[in-house]
Amino acid sequence: MINQIRFDKLYAIMRKAGLDIVALIPGPNHRYLFDAVHFVMERPIVIFLALEAEPAAVIPELEIPLFERHAVQARLFAYSDADGYQSAFRDALSALESSGKTIGVEGLFMRFFEGEAIRSAAPDSVVTDASEALEELRMIKDAGEVAALRRAIQISEDALRATLDEARAGMSEIELAAILENHMREMGGEGLSFDIILHAGGNTALPHSGPLDYRMKRGDPLIVDFGATFDGYCADITRTVFLGEVSGEQRDFYEVVRTANEAGRQAAKPGVTAESVDIAARQVFIDAGYESLMRHRTGHGLGLQAHEAPYIVEGNQRLLEPGMVFTVEPGIYRIGEIGVRIEDDILVTEDGCESLTGFPRELLVI
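The paragraphs below set out a description of the structure included in this document. (Residues numbered from 1 in each chain as written. Predicted model: local features only at pLDDT ≥ 70, side-chain atom pairs only at ≥ 80, totals over all residues. Heavy atoms only, no water.)

Describing the packing of helix α7 (residues 143–166) against helix α8 (residues 173–186)
Definition in use: Whenever a helix is involved, its axis is fitted only over the stretch in contact; in every case the axis is a line through C-alpha atoms, and angles between N-to-C directions fall within 0 to 180 degrees. Secondary structure elements are defined from DSSP: runs of H or I of at least 4 residues count as helices, runs of E of at least 2 residues count as strands, and each element is numbered from the N terminus. If an angle is under 35 degrees, it is roughly parallel; if it is over 145, roughly antiparallel; if it lies from 65 to 115, roughly perpendicular; otherwise it is oblique. A crossing counts as left-handed when the near helix is turned anticlockwise from the far one by less than a right angle, and as right-handed when that turn is clockwise. We call two residues in contact whenever any of their non-hydrogen atoms come within 4.5 Å of each other.
At a closest axis distance of 8 Å, the pairing of α7 and α8 adopts a crossing angle of 140°. In terms of their interaxial angle, α7 and α8 are classed as oblique. α8 is crossed by α7, and the crossing has right-handed handedness. Residues Ile155, Ser156, Ala159, Leu160, Ala162, Thr163 and Glu166 of α7 touch α8, and the partners they reach there are Leu176, Ile179, Leu180, His183 and Met184.

So, in structure tokens, the structure goes:
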């Protein structure tokens, strides 16, 4: 069933951006509008949404039952493997009277061959990247979306508690990551928001890397960045703990990050810029003399994607509004020695913000 509020939001965005037609492939925007999940494959699926016509969907014949099951309200232009998809694109765009109109595509998601199929089928149209305009579509979460995020986060935090109870020196990063993934699925997670990032020892200074065969030992820092999905919505949590013991230097390093996390969370409220949250967290590192150890922005939006707008980064003048959800995840990294990151998921409220994550931030030795 169509959520008319969401479609009205899309049409308003299209009018503001000067778009007559928007082309969506399977992914977060398609799911947001149609509450339907389809796979991206070598057979293209593209739904065209026009301001003045019924949506038109180019789909493989074998996908028709799934479209009907999801009750996607669109005129279907199906193609067979033998015939190929180009004529379906031509027929769909002809039905939308696309000649001379502007077609916006998802530049961050759409593949080259799909874009070329659109250009070939509508040579008299202007095809443009609508990514920036479409960022507005899902930036403000409704109550149902927030509820799904809360559930995804609860599953993730419960799984982390269970996993840390099982962590032992001598266990490899890969083994512990597998335990965490199993707990998330056992506790109701649909899947992973992204591949688990889990490292110990000097590997913790690798902000974005999959688990390795390194075997943990006493005194190691352990960083876990992960999240479960629920109803399509992504949790994204990072905690850094220590195995068996913690040195004074490690404790001081950790406390600077915890202070930066707190500063970022306290800075988040309606009416301030996204960059102000980033600056508040980063200033803690600068004051502590750790500016050279900063390697990434303070955060990013969270929803049907683990990374989406708004981005919490210096230079982003976007004003925060109630309903926005984003991460606050300051971190510092000393290559080959230690990395610490503490990440929370933040909901902007009418008068401030709420941390949807509740896992303790105090230094934990397991």
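Section: the environment of Asp91
Where we set the bar: Three exposure classes are used, based on accessible area relative to the maximum for each residue type with a 1.4 Å probe and protein chains only: buried under 20%, partly exposed in between, and exposed over 50%.
Relative to the elements of secondary structure, Asp91 occurs in helix α4 (residues 86–95). Classification of Asp91 by relative accessible area gives partly exposed; the value is 45%. Taking the C-alpha atoms as reference, Asp91 lies 43 Å from Val313; in sequence the two are 222 residues apart.

Structural notes on the packing of aromatic side chains
Short version of the rule: Put simply, two rings from Phe, Tyr or Trp (the six-membered ring, in Trp's case) pair if the centres are within 6.5 Å, and we call them stacked under 30 degrees between planes, edge-to-face over 60, tilted for the rest. Lysine NZ or arginine CZ positioned within 6 Å of the ring centre and within 35 degrees of the ring normal marks a charge as sitting over the ring.
If you walk through the whole model with that rule in mind, you get eight aromatic pairs. On the basis of an interplanar angle of 85° and a centroid distance of 6.2 Å, the ring pair of Phe48 and Phe89 is categorised as edge-to-face. Separated by 41 residues along the polypeptide, Phe48 in strand β2 (residues 46–50) and Phe89 in helix α4 bring together distant segments of the chain. Accessibility classification places Phe48 together with Phe89 in one group, the buried group. Taken together, the ring pairs in this structure connect Phe48, Tyr79, Tyr85, Phe89 and Phe113 into an aromatic cluster. The lysine or arginine in question, Arg6, covers the ring of Tyr32, its NZ or CZ lying 4.1 Å from the ring centre.

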